[in-house]
Amino acid sequence: MIYAVGIGPGNRETMTYEARSAIEKSDVIVGYKTYIDLVKDLIKGKEVISNGMKQEIDRVKKAVEISKTGKTVSVISSGDAGVYGMAGLILELSEDEEVRIISGVTASTAAAAVLGAPLMHDFCHISLSDLLTPLDLIYKRVALASEGDFVICIYNPRSKGRPDYLKNSFEIMKKYKSGSTPVGIVKNACRENQEVHICTMDTIDYESVDMLSIVIVGNSSTHIKNNRIITKRGYETKY
């Protein structure tokens, strides 16, 4: 058995019951070292296999190999295993092994809860990491989502190696979105050292954003009330 487990932000309060249960049932835990550290109190006494970034294929191949011995393995991702996590790769590389996908709490919904209710209408996720996706395709998706007036949740928004991708994306979005459109930035959502910034497209401080941040850009109905971001769904026509 292989569990693809999304551990959410990585604390007991925000991890789903099903995720905790899968980890408890597992003989072996496989994952990126940073995520392993987030659940170290849950995996005491278990065999743990961890490695660094960009070694996802090796992790999954090892998990498949271990599962063939009859052991139960959890491959952990932060957030939700099926949202920029390990679930797809596990299904791609597994053969006749039993695989269960365990849902978690992805960064956009964790950040949204902190910000208010920015995802009350149609929204999308776009990652600005071009390790696996061509940059021109990423920018095309940013443009089309903006033209479609989606709320946009931006993953992997800014790193030392990609300092300008977020700024470039905002320049694209400004062709379709007002400069007064609310923007929420949450760093370490629902974890220790959480930071929250609410601003607009015109006032965003790009330097405040890093790879631990999620950026949520509103649509034409998004507004700020009492320091909370709200995207109208249409109920205002009813009351």
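Read on for a plain summary of the structure. (Residues numbered from 1 in each chain as written. Predicted model: local features only at pLDDT ≥ 70, side-chain atom pairs only at ≥ 80, totals over all residues. Heavy atoms only, no water.)

With that out of the way, let us pick up the side chain of Ser146. Position of Ser146 among the secondary structure elements: in helix H6 (residues 135–147). The buried category is assigned to Ser146, whose relative accessible area is 2%. Setting aside residues no more than four positions away along its own chain, Ser146 makes contact with Ile152, Met173, Tyr176 and Lys177. (Helix = DSSP H or I, 4+ residues; strand = E, 2+ residues; numbered from the N terminus. Buried < 20%, exposed > 50% of the residue type's maximum accessible area, 1.4 Å probe, protein only. Contact = heavy atoms within 4.5 Å.)

With five of five residues buried, strand E11 (residues 213–217) is to be regarded as a mostly interior element. Burial along E11 is two-sided: the residues Ser213, Val215 and Val217 and Ile214 and Ile216 are all buried. Pairing of strand E8 (residues 151–155) with E11, which is carried by three bridges, proceeds in the antiparallel orientation. Note on E11: the bridge partner recorded for Ile152 is Val217. (Pairing = 2+ DSSP bridges.)

With that out of the way, let us pick up the state of the cysteines. One pass over the structure, following the stated rule, counts zero disulfides. Not engaged in a disulfide, the cysteine Cys124 finds its nearest cysteine sulfur in Cys153; these two sulfurs lie 7.1 Å apart. (Disulfide = S-S within 2.5 Å.)

This part covers the sheet that holds strand E13 (residues 228–231). Read from one edge of the open sheet, three strands run E6-E13-E12, paired in mixed fashion. Two strands bound the open sheet, and with one partner strand each, they are strand E6 (116–117) and strand E12 (222–225). Relative to E13, E6 is paired through two bridges, and the arrangement is parallel. Among the inter-strand pairings, Gly116 is bridged to a residue of E13, identified as Ile229.

A separate point is the sheet that holds strand E9 (residues 182–187). Reading across from one edge, E7-E8-E11-E9-E10 is the order of the five strands in this open sheet, with mixed pairing throughout. Each edge of the open sheet is held by one strand with a lone partner, namely strand E7 (123–127) and strand E10 (195–200). Taken over all neighbouring pairs, the strand axes of this sheet differ in orientation by 20 degrees on average, direction set aside. Here helix H5 (residues 107–115) sits on the sheet and contacts E7, E8, E9, E10 and E11; the angle it forms with E11, its principal contact strand, is near 70 degrees. (Axes fitted to C-alpha atoms, helices over the stretch in contact; angles between N-to-C directions.)

Let us now look at the pattern of salt bridges. Any two side chains of opposite charge can pair, on the condition that their charged atoms come close. The full count for this structure, using the stated rule, is nine salt bridges. The closest approach of N and O atoms between Lys174 and Asp202, which form a salt bridge, is 3.7 Å. Note that Lys174 is positioned in the loop between helix H7 (165–173) and E9 and Asp202 in the loop between E10 and E11, a separation of 28 residues in sequence. The partly exposed category is assigned to Lys174, whose relative accessible area is 30%. Here Lys187 and Asp210 are joined by a salt bridge, their closest N and O atoms 3.0 Å apart. Residue Lys187 is found in strand E9, and its partner Asp210 is found in the loop between E10 and E11; the two are separated by 23 residues along the sequence. The network of salt bridges with common partners includes Lys68, Glu95 and Glu97. (Salt bridge = Lys/Arg side-chain N within 4 Å of Asp/Glu carboxyl O.)

With that settled, the discussion passes to H7. When H7 is considered as a whole, its buried residues turn out to be Tyr165, Leu166, Ser169, Phe170, Ile172 and Met173. One side of H7 holds all its buried residues, which, seen down the axis, span an arc of 155 degrees. Close packing links the buried residues of H7 with H6, E8, E9 and E11. (Arc of directions from axis to C-beta.)

Another point: the environment of Leu212. In this structure, Leu212 sits in the loop between E10 and E11. Here the alpha-carbon distance between Leu212 and Lys46, two residues 166 residues apart in the chain, equals 28 Å. Contact partners of Leu212, with chain neighbours within four places excluded, come to Val186, Lys187 and Asn188.

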